[in-house]
Each structure stands twice: as C-alpha cells, then as structure tokens.
2 protein chains.
Amino acid sequence: MSKRLESDLDTSFMDGLIGYNLRRAYLVIARDFAQSLAGVDLGPVQFTILTLIDANPGCTQNIIAKAISIKRTNFVALLDGLEAQGLAERRPSPTDRRSHALYLTHAGQTMLADLKPRIIAHEQKFAAIMSSAEADLLRDLLVRLRRVGADSADETEI
Amino acid sequence: MSKRLESDLDTSFMDGLIGYNLRRAYLVIARDFAQSLAGVDLGPVQFTILTLIDANPGCTQNIIAKAISIKRTNFVALLDGLEAQGLAERRPSPTDRRSHALYLTHAGQTMLADLKPRIIAHEQKFAAIMSSAEADLLRDLLVRLRRVGADSADETEI
DNA sequence: TATTGTTATACTCTATAACTATA
DNA sequence: TATAGTTATAGAGTATAACAATA
C-alpha cells in the first residue's frame, strides 16, 4: 500500500505557513472528536455549548455565543437541537425580558457526564505526543494567535 | 464597549482542550486568510491547489487531493472553478489514461504571483507574535498532531 | 479487482440581512 | 438608539454512495 507517497510532491510553500499547518492539524482532531461523539446526535459545537451551560447555569445565549466565537444567529438552531433532545432549556431571564437564562436538564447533565470521559480520552490521544511543557506552550501560542484577529472581529469576541 | 466580557464565563473545561484552542485559532487565521483573498474568486483550498500545481506541474488530481487531505470527490468542483477562470487546466496524462495532468495557465501563474505576497503578509501578521523558535516548535507540534490520526484516516492521507 | 475521475446528494459550520421585542 | 433573540437564506467545506473508464 501507499505505492506513491504524497511526499513526492513539493509542498514547501504551504508547509511554511502556520495557517496551513493549523488547518491540517485541526481537521485531524476535529474528525477524531466527531468519532468520539459517535452514536450521539451532537456536533462538536453543541458539545461545547453543553459544557458551558453546565459550568455557567443561567447564562444567556449571547454570552456563550461570544465566548466560542459563533454568531448569535447560528446559536439558535444549535440550542434548538439541544432543547429538542431534552438536554437543555431556555427559561425567562429574571433581569432582562429580552434574554433567556439557559440551564441543563437532568438528562443534559447525565449526557455530559457520559461524554466528558470520552472527550478526555480523545484529548489524551493527542496530548500523548508532546511533553506537558510543549502542551502548555502550544495552548499559549494558540491563544496568542487567536488574539491577533481580535481587532478585525466584528461581533464575535475573540 | 465590551461592557461585559466573556471572561465572566467559566470556560475552564474547554480551555484545557487542545482541540478547542486549535479550532479557535484556526478560525481566526482562516478568516484573515479569506480577507487576504478578498476580491478574488478563490477559496483557501483553491489557493492551496494553485500553489501545489505550480510547484508540481503535471501532477494528478488524486496526488494533490491526498496531499491536502480533501476527498477526490470534492476536488473536482474546486478544480472546475480554477479551470472556469482560466487559471489551471487538465491535460491528458501521457502515462495513465484514467488520470489528468494538471498545469497552471499563464493567467494562473500571474494570479499566483499576485496572491503570494498577500498571503505572506497575512502570515507575518501572525508569526509576529512569537519567536522564530516558537514558530518552529509550533509547526513541529502541528505536524505531529496531524500524524496521530494517520491510522484512522481512510483514503485521505495525513 | 483496484484506481481515477465523476455526478449527485446531504450535512455541518459559518455568513449576511432583516425582523421583533425589549432596554 | 442599542441589544437579545429570531427567521430566512446562502455559501464554504466535508462526507458517502454509485457510476464509467482504465489499469
């Protein structure tokens, strides 16, 4: 197998680009993440929303949407999906009648407790190929990278 | 502005995940990359294809598709777009009548020469926030990360 | 039988514009 | 006037299944 490797190709220009390498690594991890969620009707973003509601009960849609850099407008359907599955719910906000206070249902908490170990196992598969010092630096560099775009970002806070 | 920061949110679980930080950084760079290509009818993947055909004239669709981890099936429309704009062309392969030999047209070479400086400027905006040693380590870590998924990848070579 | 390219199709994520109800 | 949520819609990017031509 692999009679002809893609290493025959000259990819030198792309290989030097941070963005290109970032995309390649992201795609690999995103696929593995999705496999970790196999059998569950949740996308990666929905899992993230689940964890954030769990850690911040009563928070609003906007707060979460900004925190994870997705548009308010795209948040609606994602939350609709969680609500339809009985995992989360919108309650009227006690302080602002425009906004909703978000909570996990009991089923949502159970689901999250079931999924977290899967995600941690998925993560460890990747963390295993670097030292903890390298992992720390990697996270730090990724955070710094995403702050570069902070000015050009319109409504989605970085 | 920014009367209430998302840092009020407890995002500790997600912050610890490599995949999450990778996604956030990737999205920021991908948006900036797209802006660098503003006014040109090319997506990021099409730009990548353009550079690879330029560096590897006569190569086949499959070789490039594998090199950048996209499906053969999705490559077709991307290349169609390049051909429709007169930037690239499919010629019959001299050795295998199933495959096509890919080449840039003169217009394609001119376009690429125009775009490369834009992409390099885009890259430098991000490279500027780290030392060259950090950038080298980052690229190395990203390559190592994407190789973790090498076994579970079916047809798209990592 | 396996591989290259192809069509058709669907799903996820992201994006913009315009609306409503509140503030 | 601005903000929170919503609807509708569009576009990338990615995914699978099935096919024709060639190896």
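Quick look at the structure, then. (Residues numbered from 1 in each chain as written. Chains lettered and ligands numbered in written order. Predicted model: local features only at pLDDT ≥ 70, side-chain atom pairs only at ≥ 80, totals over all residues. Heavy atoms only, no water.)

**Observations regarding the environment of B:Gln46**
Residue and element names in this part refer to chain B.
(1) Moving on: With respect to the secondary-structure elements, Gln46 resides in helix α3 (residues 44-55).
(2) Moving on: Sequence-wise, Gln46 and Leu78 are 32 residues apart; in three dimensions their C-alpha atoms are separated by 6.2 Å.
(3) Moving on: Look past the residues within four positions of Gln46 in its chain and what remains in contact with it is Asp41, Leu78, Gly81 and Leu82. (Helix = DSSP H or I, 4+ residues; strand = E, 2+ residues; numbered from the N terminus. Contact = heavy atoms within 4.5 Å.)

**With respect to the interface of chain B and chain A**
(1) Moving on: In this assembly, 63 residues from chain B lie in contact with 63 residues from chain A.
(2) Moving on: For the pair chain B and chain A, the summed buried surface comes to about 6500 Å²; carbon and sulfur atoms form 68% of the total.
(3) Moving on: Interface area lost by chain B to chain A is led by B:Ile18, B:Arg24 and B:Arg146, which between them contribute 10%.
(4) Moving on: Run the count over chain B and chain A and you get two salt bridges.
(5) Moving on: Seen at the junction of chain B and chain A, the total is 20 residue pairs in polar contact (both at pLDDT 80 or more).
(6) Moving on: Secondary structure elements with two or more residues in the side of chain B that touches chain A: α1 (12-15), α2 (18-36), α3, α4 (61-67), α6 (106-127) and α7 (132-148) of chain B.
(7) Moving on: Sort the elements by how many residues they give to the side of chain B that touches chain A and α2(B) lands first, with twelve residues.
(8) Moving on: A per-class count over the side of chain B that touches chain A returns 36 nonpolar, eleven polar and 16 charged. (Buried area = accessible area lost by both parts, 1.4 Å probe. Salt bridge = Lys/Arg side-chain N within 4 Å of Asp/Glu carboxyl O. Polar contact = N/O pair within 3.5 Å; in protein donor to acceptor, adjacent residues only side chain to side chain. Nonpolar A, V, L, I, M, F, W, Y, C, P; charged D, E, K, R; others polar.)

**A short note on the protein's contact with DNA strand C**
(1) Moving on: Surrounding DNA strand C, one finds 24 residues, the nearest of these being A:Pro44, A:Asn74, B:Asn62, B:Thr73 and B:Arg90.
(2) Moving on: Considering DNA strand C, the proportion of its atoms within 4 Å of the protein that are sugar or phosphate atoms stands at 58%.
(3) Moving on: A:Arg97 is positioned with one of its backbone polar atoms (N or O) 3.0 Å from a phosphate oxygen of DNA strand C.
(4) Moving on: Here B:Arg98 contributes a side-chain N or O atom positioned 2.8 Å from a base oxygen of DNA strand C.
(5) Moving on: Secondary structure elements with two or more residues in the surface near DNA strand C: α3 (44-55) and α5 (72-84) of chain A together with α2, α4 and α5 (72-84) of chain B. (Near = heavy atom within 4 Å.)

**Comments concerning the packing of helix α7 (residues 132-148) of chain A against α7(B)**
The description of two packed helices rests on the angle between their axes and on the distance between the axes.
(1) Moving on: Axis separation between α7(A) and α7(B) bottoms out at 10 Å; the angle between their running directions is 105°. With respect to α7(B), the axis of α7(A) lies roughly perpendicular. Residue-level inspection shows A:Glu134, A:Leu137, A:Leu138, A:Leu141, A:Arg144 and A:Leu145 of α7(A) in contact with α7(B), the latter providing B:Glu134, B:Leu137, B:Leu138, B:Leu141, B:Arg144 and B:Leu145.
(2) Moving on: Grouping the constituent residues of the contact of α7(A) with α7(B) by class yields eight nonpolar, no polar and four charged. (Axes fitted to C-alpha atoms, helices over the stretch in contact; angles between N-to-C directions. Parallel < 35°, antiparallel > 145°, perpendicular 65-115°, else oblique.)

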